[in-house]
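Spelled out from the first residue to the last, the chains are:
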Amino acid sequence: MSGLSTLLFTLGLVLVMALVYATGMAGWIVGCFLLLGGWVAILVMKAADPGAIAVQALTAAVTMGLALRWIFRHTYWHKRTVKDRRAAEEKQYETRGVVDDLRARIAVKVTEVDRGLKQYELVRRLAEAMSWEEMSPPLDKALKHFFRSDGWALYLTDEKGELSLVQRRGVTPEPRAEDLAKKDPFLHTFIPQSGTDEGRSVWALGMPLWRLHERIGCVIVRITELAPDQQAALLAEANTFAVQLIFAMAKAKLYRELDKRSRTDGLTGLSRRGPFEERLREEVARARSFRTTFSILMIDIDHFKNLNDSYGHQVGDEVLKTVAQRLHDGIYETDVIARFGGEEFVCLLPRSQPAGLKVKAEQIRQRVGNEAFVIGLEAVHVTISIGIAHFPHDGDSPEAVLGAADRALYAAKAAGRNCVVEAASVNS
Ligand code: GH3
Ligand code: MG
Ligand code: MG
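Residues numbered from 1 in each chain as written. Chains lettered and ligands numbered in written order. Predicted model: local features only at pLDDT ≥ 70, side-chain atom pairs only at ≥ 80, totals over all residues. Heavy atoms only, no water.

1. What about the overall build of the chain?
Here is the rule: Note on conventions: DSSP H or I runs of at least 4 residues are helices, E runs of at least 2 residues are strands, and numbering of each starts at the N terminus. For the radius of gyration, the atom set is restricted to C-alpha positions; the globular benchmark scales as 2.2 Å times the number of residues to the power 0.38. Only protein chains enter the accessibility calculation, which uses a 1.4 Å probe. A residue is then buried if its area is under 20% of the maximum for its type, exposed if over 50%, and partly exposed in between. What makes two residues a contact is simply this: any of their non-hydrogen atoms within 4.5 Å. Surface accessibility in these figures is a Shrake-Rupley result with a 1.4 Å probe; residues are shielded only by whichever protein chains are displayed. The sign given to each residue is positive for Lys and Arg and negative for Asp and Glu; His and the chain ends receive no count. Note that the charge is assigned to NZ on lysines, CZ on arginines, CG on aspartates and CD on glutamates.
Along the backbone of the chain there are 11 helices and 12 strands. For 428 residues, the compact-globule estimate of 2.2 N^0.38 gives 22 Å, and the C-alpha radius of gyration of the chain, at 50 Å, exceeds that figure by more than 25%. With the C-alpha coordinates aligned to their principal axes, the bounding extent of the chain is approximately 165 × 50 × 40 Å. By residue count, 39% of the 428 residues in the chain fall in the buried class. Put simply, of all contacts in the chain between residues at least 6 apart along the chain, 63% involve residues at least 24 apart. Accessible surface, the chain: about 24,600 Å² in total, of which carbon and sulfur atoms supply 59%. Distance from the positive charge centre (55 side chains) to the negative charge centre (53 side chains) of the chain: 10 Å.

This is the structure in structure tokens:
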């Protein structure tokens, strides 16, 4: 039987070598079983011979050697894999941190670029605008976008160097005396006395607009929600924004001056005829819609030609200016007065009562008549004639009511001048 055990050992040896080579651990286990089988065969059959034992010992030694080699290699690779995995995980963690950081920085840059583009777009649209009316909507949009404002007011410097209100959205505070000299954006709180935030403290962001030493104006923006840690960033943003606005606002200021000049009569400072007629058309539309009334006064200086002829055009101009001033002083802020032509003036008085207006016209006539113009050693008086017409009684269109007032003025001239005539009395 020693032949059988030798065969088993030999087979075991070959298999162990082949399986260890092919499968590692599994081959070693199978080889061990085969060796165990060999031992059992030797013990059971008691037929061991030195040759078989030598082959078995050799097989065992080779198997053990291979097993040990496998264990060492396995342990080595396992350790190395764990180390590598840990290193890879650390690297991955590190990379993720870098990627997250990069992503955050890119997001900040994108926001900055987006803001920059929006500011550029605003400036472009403001620069393209040909009038203040065209500038107003993009400015409104930009203030909402950049400052989440729910109200703002724009002040531009007028010819006297004072800030005058151009446009206002919602309740905003007036510029305060202590802020007028400031050149950088500032923040303060205020309590609106009306509107949705009545009685509640809200923020006002002031953006003074200066071009070198010239103050162009000031924008006051109302901000309802503002955390304390956002204030510095908001002021920095306002600074950049104000720089962009200055150019556009300087243009708006110029428009306003040109517009005002084109609408105003150079000698008397009153409105010109064109804008007056525009305003009259609006008033007719309003009066028709709301079933209200208004009146027209047509005023003409009597024998003005004689005054010019006697004292010269320069004196005539001075008289015209003073008469215009007296007429302006004699009416309400809401009334409209214009120089209609040479020495003729026209007034539009919304919602006036006929009886009261006749008295008022008489007072104006007397006030002008009482004015003494000192020319050299002489005190000269001028008189005026006034024609009154009421809408819709004397005319239900702009042309008709103006025509009626003109006819009444003509009747006043015919009646001897220096008097007031109502259109109704002319028609009857
Ligand atoms: P009436 O009482 O009928 O209105 O007589 P009038 O002389 O006032 O009227 P008329 O229409 O005959 O003359 C108007 C004069 O007003 C003629 C013109 O020399 C003068 N005039 C018109 N515009 C100006 C102006 O800007 N400056 C001066 N100085 N005179 C003016
Ligand atoms: Mg006249
Ligand atoms: Mg005249």
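2. Things to note about the sheet that holds strand E2 (residues 163-169)
Worth spelling out the cut-off: Two strands form a pair only when DSSP identifies at least two bridges running between them. Interaxial angle, 0 to 180 degrees, is taken between N-to-C directions of lines fitted to C-alpha atoms, where a helix line uses only the stretch in contact.
Taken in spatial order, the 5 strands line up as E2-E1-E5-E4-E3 in an open sheet, and their pairing is antiparallel. Of all the strands in the sheet, just E2 and strand E3 (186-190) have a single pairing partner and so form its edges. Strand-to-strand, the axes of this sheet are offset by a mean angle of 20°, without reference to chain direction. Two elements, strand E1 (residues 151-157) and E2, share 6 bridges in a ladder whose sense is antiparallel. Directly across from Leu154, in E2, lies its bridge partner Gln167. Sheet contacts for helix H5 (residues 231-263): E1, E2, E3, strand E4 (202-211) and strand E5 (214-223); angle to E4, the most-contacted strand, approximately 50°.

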